[in-house]
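# Geometric and topological summary
Listed below, chain by chain, are the residues.
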Amino acid sequence: MASVLARLPASPLMVVNGGRQPVFGTIQKLAVPTIKERQDRLAVIAKATGESSDSSIVKSVLNWDKSEDRVALVALGFAGVVGFWASINLVTSIEKIPVVPSVLELIGLLFSSWFTYRYLLFKPDRQELSQAVSKSISDILGQ
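How each quantity is defined
- Residues numbered from 1 in each chain as written.
- Predicted model: local features only at pLDDT ≥ 70, side-chain atom pairs only at ≥ 80, totals over all residues.
- Heavy atoms only, no water.
- Phe/Tyr/Trp six-rings, centres within 6.5 Å; stacked < 30°, edge-to-face > 60°.
- Lys NZ or Arg CZ within 6 Å of the ring centre and 35° of its normal.
- Helix = DSSP H or I, 4+ residues; strand = E, 2+ residues; numbered from the N terminus.
- Expected span 1.5 Å × (residues − 1).
- Salt bridge = Lys/Arg side-chain N within 4 Å of Asp/Glu carboxyl O.
- Buried < 20%, exposed > 50% of the residue type's maximum accessible area, 1.4 Å probe, protein only.
- Axes fitted to C-alpha atoms, helices over the stretch in contact; angles between N-to-C directions.
- Parallel < 35°, antiparallel > 145°, perpendicular 65-115°, else oblique.
- Contact = heavy atoms within 4.5 Å.
- Nonpolar A, V, L, I, M, F, W, Y, C, P; charged D, E, K, R; others polar.

Taken as a whole and assessed by the stated rule, the structure comprises five aromatic pairs. Feature note: the residues Phe111, Trp114, Phe115 and Tyr119 constitute an aromatic cluster, connected by ring pairs. Above the face of the Tyr119 ring, Arg118 is positioned so that its terminal group lies 4.6 Å from the ring centre.

Next comes the structure, spelled out in structure tokens:
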């Protein structure tokens, strides 16, 4: 079981004029937080219990000196960076098309409404969803 507690205020780059206006245009003046605000900036508590499930990739990265497949690890990391970059560019391109973001937002609202009606409103449906999620988790973990 793992739990995470975080308190993360807005980044100082997103605030101008002492925090009174959000950034919509050009940055006129960058608000610099005081020492007390910096101390309160980030508070994260992470707890994990149970067995560790390190995959072979994680073990290979942790044992970099003993690893026999360094080229494969570097290629995997490069492929991940390229995939991330490509997905960001794809989303940016789709957002530039005038009608598509509105249509996708409408589809998201309709699907969310249907999901709420289908699985969350009534108790037997919530139990069915819970059983389906539990079955999927046990299938993934091989139990």
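The subject of this paragraph is helix 5 (residues 123–141). Its 19 residues place the ends of helix 5 27 Å apart at the C-alpha level, agreeing with the 27 Å of an ideal helix rising 1.5 Å per residue. Where helix 5 terminates, the next one or two residues include Gly142, which has phi positive at roughly 75°.

Counting across every chain of the model gives three salt bridges. Here Arg118 makes a salt bridge to Glu128, at a shortest N to O gap of 3.1 Å. With a gap of ten residues between them, Arg118 in helix 4 (residues 100–120) and Glu128 in helix 5 connect regions that are remote in the sequence. On the basis of relative accessibility, which here comes to 34%, the residue Glu128 falls in the partly exposed class. For Asp139, the salt bridge identified is with Lys135, shortest N-O distance 3.1 Å. Of this pair, Asp139 and Lys135 both sit in helix 5, separated by four residues, roughly a single helical turn. Across the pair, Lys135 and Asp139 agree in class, each one exposed. By sharing partners, the salt bridges in this structure join Arg118, Asp125 and Glu128 into a single network.

It is worth spelling out the packing of helix 4 against helix 5 at this point. Two elements in contact, helix 4 and helix 5, have axes whose closest approach is 6 Å; the angle formed by their N-to-C orientations is 100°. Here helix 4 lies roughly perpendicular to helix 5, going by the angle between them. Between helix 4 and helix 5, the residues in contact are Phe115, Tyr117, Arg118, Tyr119 and Leu120 and Asp125, Arg126, Glu128 and Leu129, respectively. Broken down by class, the residue content of the contact of helix 4 with helix 5 amounts to five nonpolar, no polar and four charged.

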